[in-house]
Amino acid sequence: MRIHLCGVRGSTPAPGAEFLRYGGHTSSVAISHAGAATPALVLDAGTGLRRVTSLLGGGPFTGTILLTHLHWDHVHGLPFFRGGDRDDARVTLLLPAQESGESAAAALARGMSPPHFPIGPGGLRGDWTFASLSPGPLKAEGFTVEAREVPHKGGRTFGYRVSDGHSVVTYIPDHCPTALGPGPDGLGEYHPAALDLAAGTDLLIHDAFLFAPEVPAEAAFGHAAAEYAAGLGARAGARRVALAHHKPDRTDDELEEMARSFAPRGPAAPQLPPGLGSPGLPGTPEIFVAAEGGILEL
Ligand SMILES: [Zn+2]
Ligand SMILES: [Zn+2]
């Protein structure tokens, strides 16, 4: 499969000269089947969703969008998704079932409807279906997906494991593992849902909003440290770890520094053969800082 990193920023977009190299769009990842011309599955609908339109060759989007949760940085691209907001589009949008029992469309409309925004979800052109998702397996656009709940802050949040039968990508952009305890290194628990989602994965795209020294003061806002993402990748036997969901004020220079801090375990380090990683056994994943516009072939 082919992974397009369309938005790797967290919380709010980050325009400006000091953010050009890693990009300012918020969370969105598009996935294409091997050999397919266009993506069929999109993870999250932050402002990076606008970039997905340019991957469609002028055609409409026909596929599924999976939301990890409903925070602004994961939904604000929806009404600006030109490839999905046209009469010939067909879009299935799935989001975590709300604890209140509220329908998917109603939950979405609380943040996207007048007076907050000119239209509600029903105002999008094309054939849109909104539905709720419970943890567990599902099939979407020829992919097998596993949804698991992960701790975050302020609303039910899922991580996803997506397989095309050959490769696996794991997506956990918003994750607060310290909510379950300090864990072995003070960065949060390496808990079963996270380990299961990332077990032996080819690519783990994970929350790296914080640096470890920021965890004591800032983890309560709901995020993980880059060092936790690396630790999870190693424990789960991931082949590669993409540090993502960057803090909005983290400049290119600071993200380059983050990349350098993981350099000893970077591309020059020995790689685990695919599938040989095991949960609980430290591995040597390649760790890199996700940049908007990045394309990864798995
Ligand atoms: Zn977020
Ligand atoms: Zn969030």
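Only a predicted model underlies this, so the values are computations on that prediction, with no experimental measurement involved.

Asker: So what about the coordination of the zinc ion (ligand 1)? Which residues, and what values?
Answerer: Here the zinc ion (ligand 1) is held by the protein donor atoms D73 (OD), H74 (NE2), D174 (OD) and H245 (NE2), which lie 2.1 to 2.2 Å from it. One can describe the site at the zinc ion (ligand 1) as irregular: its 4 donor atoms subtend angles covering 90 to 164° at the metal. Taken in chain order, the donor set of the zinc ion (ligand 1) reads D-H-x99-D-x70-H. The distance between the zinc ion (ligand 1) and the zinc ion (ligand 2) is 3.4 Å, with D174 acting as a donor to both metals.

Asker: Tell me about the side chain of S163, and please be specific about residues and values.
Answerer: Tracing the backbone shows S163 in strand β9 (residues 158–163). Given a relative accessible area of 19%, S163 falls into the buried group. For S163, the side chain forms a polar contact with the main-chain oxygen of S167, separated by 3.5 Å. Excluding its chain neighbours within four sequence positions, the residues that come into contact with S163 are M1, F143, T144 and V168.

Asker: Residues and numbers for helix α6 (residues 252–261), please.
Answerer: Burial in α6 covers these residues: D252, L255 and M258. Buried positions in α6, seen along its axis, are confined to an arc of 110° and lie on one side of it. Against the buried residues of α6 lie α5 (226–236), β12 (240–244) and β13 (286–289).

Asker: Could you give me a rundown of the packing of aromatic side chains, with the residues and numbers involved?
Answerer: Inspection of the entire model under this criterion finds 5 aromatic pairs. Considering the side-chain rings of Y190 and Y228, the 4.5 Å spacing of their centres and the 5° angle between planes classify their relative orientation as stacked. Of this pair, Y190 sits in the loop between β10 (168–172) and α3 (192–198) while Y228 sits in helix α5, and the two are 38 residues apart along the sequence. Y228 matches Y190 in its accessibility class, with the two residues each being buried.

Asker: So what about the confidence of the model for the protein chain? Which residues, and what values?
Answerer: Per-residue confidence for the protein chain averages 94 on the pLDDT scale, and 93% of its residues sit at or above 70. Within the model, pLDDT remains below 50 along residues 265–281, and this stretch shows 33 contacts once partners closer than five positions in the same chain are excluded.

What counts, and at which threshold
Residues numbered from 1 in each chain as written. Chains lettered and ligands numbered in written order. Predicted model: local features only at pLDDT ≥ 70, side-chain atom pairs only at ≥ 80, totals over all residues. Heavy atoms only, no water. Donors = N, O, S within 2.8 Å, 3.2 Å for Na, K, Ca; no water. Tetrahedral: all angles 85-135°; square planar, octahedral: opposite > 155°, others 65-115°. Helix = DSSP H or I, 4+ residues; strand = E, 2+ residues; numbered from the N terminus. Buried < 20%, exposed > 50% of the residue type's maximum accessible area, 1.4 Å probe, protein only. Polar contact = N/O pair within 3.5 Å; in protein donor to acceptor, adjacent residues only side chain to side chain. Contact = heavy atoms within 4.5 Å. Arc of directions from axis to C-beta. Phe/Tyr/Trp six-rings, centres within 6.5 Å; stacked < 30°, edge-to-face > 60°. pLDDT = per-residue confidence, 0-100.

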